[in-house]
Amino acid sequence: MITKSLQDAINEQINKELYSSYLYLSMAAYFEDKNLPGFANWMRKQADEERGHGMKFYDHMVERGGRVMLKALDAPKTDWKSSLEAFEEVAEHEAKVTASINALYELALKEKDYPVQVMLQWFITEQVEEEKNAAEILANLKLIEDRGTAVLMLDHRLGKRTGE
Ligand code: FEO
């Protein structure tokens, strides 16, 4: 049986993952409004992925006899100054999620909860990927600045992202 403190921390993490989904969906709407469907596609897929992360925690809790308790989601921002600013926020947000996953892992070690540790190993690997993807797109955006053709080429590439 999962301990009360881990249960509370996992419920908190479910909220963070679902908030991430909400934030990226808001970014998708921003890019849709800017007529950049490829960027919007990337954000939609990211939002779907974050919901999947929330559900991984949800399912683990159910399997372990814990109680999932959903909390209110904060309203995400709706506007960014530029694509660059939006991706800077993605990178910062993912760094915060990584710190939160690491703190959860520390707690699972302290509580000697081995199944949670095993589940979190997937998330630790996933966060490396998440941070790398955000950093790569951010670096591309810094390189191309506001050059229209290059922005459209990147939009085309991001439009190819499929659901994982
Ligand atoms: Fe679920 Fe992007 O971290």
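Preceding block: the structure.
Rules and cut-offs
- Each chain has its residues counted from 1, following the order in which its sequence is written.
- Where totals are concerned, whole chains, interfaces and linings use all residues; where local detail is concerned, this predicted model gives features only for residues with pLDDT of at least 70, and gives and counts side-chain atom pairs only at 80 or more.
- Side-chain metrics rest on all non-hydrogen atoms present in the structure, leaving aside hydrogens and water.
- Any Lys or Arg side-chain nitrogen located within 4 Å of an Asp or Glu carboxyl oxygen qualifies as a salt bridge.
- Throughout, nonpolar core names a set of buried Ala, Val, Leu, Ile, Met, Phe, Trp, Tyr and Cys residues whose side chains join them through atoms within 4.5 Å.
- Only protein chains enter the calculation, and the probe is 1.4 Å; a residue is then buried if its accessible area is under 20% of its type maximum, exposed if over 50%, and partly exposed in between.
- Per the convention used, a helix needs a DSSP run of H or I reaching at least four residues, while a strand needs a run of E reaching at least two, with both numbered from the N terminus.
- The contact rule is simple, with two residues in contact once any of their heavy atoms fall within 4.5 Å.
- Every angle, taken between N-to-C directions, lies between 0 and 180 degrees, and every axis is a line fitted to C-alpha atoms, over only the stretch in contact when it is a helix.
- In what follows, roughly perpendicular refers to angles from 65 to 115 degrees, roughly parallel to angles under 35, roughly antiparallel to angles over 145, and oblique to any angle outside these ranges.
- It is the rotation of the near helix from the far one that decides the hand of a crossing: anticlockwise by less than a right angle makes it left-handed, clockwise makes it right-handed.
- Only rings of Phe, Tyr and Trp enter the pairing, Trp through its six-membered ring, and a pair is recorded when the two centres are within 6.5 Å. The plane angle decides the type: under 30 degrees is stacked, over 60 is edge-to-face, the rest tilted.
- A ring is considered to have a charge above it if a Lys NZ or an Arg CZ atom is located within 6 Å of its centre and within 35 degrees of its normal.

A. Just the pattern of salt bridges, in detail. All told, the structure shown has 8 salt bridges when counted by the stated rule. For the salt bridge of K81 with E85, the shortest nitrogen-to-oxygen distance reads 3.5 Å.

B. Geometry of the nonpolar core. With 24 residues, the main nonpolar core has M27, F31, F39, M43 and F87 as its most contacted residues. For this core, the elements supplying multiple residues, two or more each, are α1 (4–33), α2 (37–63), α3 (83–110), α4 (114–144) and α5 (148–158). No other element matches the 6 residues that α1 contributes to this core. Among residues more than four places away in sequence, those in contact with M27 are M43, W80, A86, E89 and V90.

C. Broad picture of the packing of α4 against α5. Where α4 contacts α5, the axes come no closer than 10 Å and their chain directions differ by 160°. Taken as axis vectors, α4 and α5 run roughly antiparallel relative to one another. Our pair here, α4 against α5, has a crossing hand that is right-handed. Residue-level inspection shows E136, I137, N140, L141 and I144 of α4 in contact with α5, the latter providing A150, V151, L154, R157 and L158.

D. Spatial organisation of unusual backbone geometry. Of note in this structure, K112 is not a glycine but carries a positive phi near 55°. Positionally, K112 belongs in the loop between α3 and α4. Non-glycine residue E145 carries a positive phi angle of around 45°. Assignment of secondary structure puts E145 in the loop between α4 and α5.

E. Structural view of the packing of aromatic side chains. All told, the structure shown has 8 aromatic pairs when counted by the stated rule. Measuring from centroid to centroid gives 6.2 Å for F31 and F87, while their planes differ by 40°, and the two rings are tilted. Here F31 is found in helix α1, whereas its partner F87 is found in helix α3, with 56 residues between them in sequence. Among the residues examined, F31 registers a relative accessible area of 0% and is labelled buried. Among the residues examined, F87 registers a relative accessible area of 0% and is labelled buried. Ring centres of F39 and F87 lie 6.1 Å apart, and the angle between their planes is 65°; on these two criteria the pair is classed as edge-to-face. You can see F39 sitting in helix α2 and its partner F87 sitting in helix α3, a full 48 residues away along the chain. Taken individually, F39 and F87 each receive the classification buried, so the pair is uniform in this respect. Through a chain of ring-to-ring contacts, the aromatic side chains of Y30, F31, F39, W42, W80 and F87 assemble into a single cluster. A cation sits over an aromatic face here: R161 above W42, 4.8 Å from the ring centre.

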